[in-house]
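# Coordinate inspection notes
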Amino acid sequence: AGAYRDGFTFIGASFLYPDFLERRSDEWGSSNVHACGYGSETGYRCWTDWDDEVGGTLWSHWEGMESCTTGDTIGMLLNLDEGTLTFYKNN
């Protein structure tokens, strides 16, 4: 982490992908979603597979999509059994 001290954005930063893929294990399974994110200004969600020239990154609209502003609280619930990520706002 010290090598990336001057600002850190990992989704879309393809120069970081080899570092993340190096730590891949069998526990990752066959999923192509290795990280996900939320853009608070737009409400967009994204994911990456760390493997593409473009990062395998997909930014997209989604049902219930909302942006947030100062004072909002965003929560995320990752359900590995169901393979879902749920976002909560001020809840």
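Residues numbered from 1 in each chain as written. Predicted model: local features only at pLDDT ≥ 70, side-chain atom pairs only at ≥ 80, totals over all residues. Heavy atoms only, no water.

Quick look at the overall build of the chain now. Helices and strands together make up the secondary structure of the chain, namely one helix and five strands. Tracing the chain from N to C terminus, the helices and strands come up as α-β-β-β-β-β. Taking all 91 residues of the chain together, the buried fraction comes to 20%. Contacts in the chain between residues at least 24 apart in sequence constitute 29% of all its contacts with a sequence separation of at least 6. (Helix = DSSP H or I, 4+ residues; strand = E, 2+ residues; numbered from the N terminus. Buried < 20%, exposed > 50% of the residue type's maximum accessible area, 1.4 Å probe, protein only. Contact = heavy atoms within 4.5 Å.)

All right, on to the pattern of salt bridges then. Per the counting criterion, the structure on display carries three salt bridges. Residue Arg23 pairs with Glu22 through a salt bridge whose shortest N-O separation is 3.4 Å. For the pair shown, Arg23 and Glu22 are each scored as exposed. Three or more residues joined by partner-sharing salt bridges are found here, namely Glu66, Asp72 and Lys89. (Salt bridge = Lys/Arg side-chain N within 4 Å of Asp/Glu carboxyl O.)

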